[in-house]
Amino acid sequence: HDAGITMSANLGRAAMRGLGRAPLAHLRGVALPSGATLRPWATCGPRFLALPTHTVLTMPALSPTMTAGNIASWLKKEGESVRAGDTIALVETDKATVDFEVLDDGIVAKLLVADGASDLPVGTPVAVIVEEAGDVAAFKDYKAVGEPAAAAAAPPAPA
């Protein structure tokens, strides 16, 4: 049985397309970018395979000492286009508020945490980007695997 691979969401779609679903045996000696991980498709579950091509953005480490951050505000909304280098959100670190830039062109399909979400550990899924506008609807009810319940909950409405 040929096991496929998936790469860390922060690598960008071009890198993932280049590897596709190559058998793991063909990847011996392939140099991966720093922070890349390889996992058998089976560990991703059938739901992952049924979704259109997408990139899950995670809370980035925006400073050497950052272990968690806050989403101060989203600058892009679901359904909006983004280009590589666009700022999608403002993230509060332990020292400053920093721009969170996207690495690839696409459309914001789902914001997984609300404005003001706080104490999100680095690596927590925060948004989903797709290539085609028609793919946005497929992520309407998307929840990231292992997404902390507190991060997914919207803050209470002001009284």
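Residues numbered from 1 in each chain as written. Predicted model: local features only at pLDDT ≥ 70, side-chain atom pairs only at ≥ 80, totals over all residues. Heavy atoms only, no water.

### Examining the overall build of the chain
Quick note on the threshold: Only DSSP runs of H or I covering at least 4 residues are called helices, and only runs of E covering at least 2 are called strands; the numbering of each starts at the N terminus. Only protein chains enter the area calculation, which uses a 1.4 Å probe; residues under 20% of their type maximum are buried, those over 50% are exposed, and those in between are partly exposed. Note on definitions: a residue-residue contact is assigned when non-hydrogen atoms from the two residues lie within 4.5 Å. Accessible surface is estimated by sampling points in the Shrake-Rupley manner with a 1.4 Å probe; for residues, cover comes only from the protein chains shown.
Looking only at helices and strands, the chain has 3 helices and 10 strands in total. The helix and strand sequence of the chain, counted from the amino end, reads β-α-β-α-β-β-β-β-β-β-β-β-α. Expressed as a percentage of the 159 residues in the chain, the buried residues total 38%. Within the chain, counting contacts between residues at least 6 apart in sequence, those at least 24 apart form 61% of the total. Approximately 8,900 Å² of the chain is accessible, and the part contributed by carbon and sulfur atoms is 56%.

### Brief notes about the confidence of the model for the chain
This is how the line gets drawn: Scored from 0 to 100, pLDDT records how confident the predictor is in each individual residue.
Residues with a pLDDT of 70 or more make up 60% of the chain, whose mean pLDDT is 74. Below pLDDT 50 for its whole length, residues 1-27 participates in 59 contacts with residues either more than four positions away or in separate chains.

### So, unusual backbone geometry
Trans peptide bonds make up the majority, and among non-glycine residues the majority have a negative phi. Unlike most non-glycine residues, aspartate 119 shows phi in positive territory, near 55°. Here aspartate 119 falls in the exposed class, since its relative accessible area comes to 62%.

### Observations concerning the pairing of strand E10 (residues 125-130)
Our working rule: Pairing between two strands is assigned when DSSP locates at least 2 bridges connecting them.
Most of E10 sits out of view: 6 of its 6 residues are buried. Of the pairings in the sheet, the one linking strand E3 (residues 54-58) to E10 comprises 5 bridges and is antiparallel in character. Residue pairing for E10: threonine 55 is matched across the bridge by isoleucine 129. Looking at chain direction, strand E8 (residues 106-111) and E10 are connected through 4 bridges and run antiparallel. Across the sheet, valine 108 pairs through a bridge with isoleucine 129, a residue of E10.

### Observations concerning the sheet that holds E3
Strand-to-strand pairing in sheets goes through backbone hydrogen bonds, with the strands running parallel or antiparallel. If you trace the 4 strands from one edge of the open sheet to the other, you get E3-E10-E8-E5, paired in antiparallel fashion. The open sheet has two edge strands, E3 and strand E5 (81-82), and neither has a second partner.

### Observations regarding the sheet that holds strand E7 (residues 97-101)
Read from one edge of the open sheet, 4 strands run E7-E6-E4-E9, paired in antiparallel fashion. On the outer flanks of this sheet lie E7 and strand E9 (120-121), each paired with one strand and no other. Bridge count for strand E4 (residues 68-74) against strand E6 (residues 87-92) is 4 bridges, and the pairing is antiparallel. Among the inter-strand pairings, serine 73 is bridged to a residue of E6, identified as leucine 90.

### Some details on the nonpolar core
Our working rule: What is meant by a nonpolar core is a set of buried Ala, Val, Leu, Ile, Met, Phe, Trp, Tyr and Cys residues, joined one to another through side-chain atoms within 4.5 Å.
Counting residues in hydrophobic clusters, the biggest one holds 19 residues, and the most contacted among them are Leu57, Trp74, Ile88 and Val126. Looking at this core, the elements with two or more residues in it are E4, E6, E8 and E10. Grouped together as the second largest cluster of nonpolar side chains are 11 residues, Val56, Val128, Phe139 and Tyr142 included.

### With respect to the environment of valine 91
Topologically, valine 91 is positioned in strand E6. Separated by 19 residues in the primary sequence, valine 91 and alanine 72 have C-alpha atoms spaced 5.4 Å apart. The residues contacting valine 91, other than those within four sequence positions of it, are Met59, Leu62, Met66, Asn70, Ile71, Ala72, Ala96, Thr97, Val98 and Phe100.

### Focus on the pairing of E4
Strand direction decides the pairing type here: E4 and E9, joined by 2 bridges, are antiparallel. By the bridge assignment, glycine 69 is partnered in E9 with leucine 120.

### Topic: the pattern of salt bridges
As a working rule, side chains carrying opposite charge can pair if their charged atoms are close by. How we decide: Salt bridges are counted wherever a side-chain nitrogen of Lys or Arg sits within 4 Å of a carboxyl oxygen of Asp or Glu.
The tally for this structure, following the rule as stated, stands at 1 salt bridge. Among the ionic pairs, aspartate 94 bridges to lysine 95, the shortest N-O distance being 3.9 Å.

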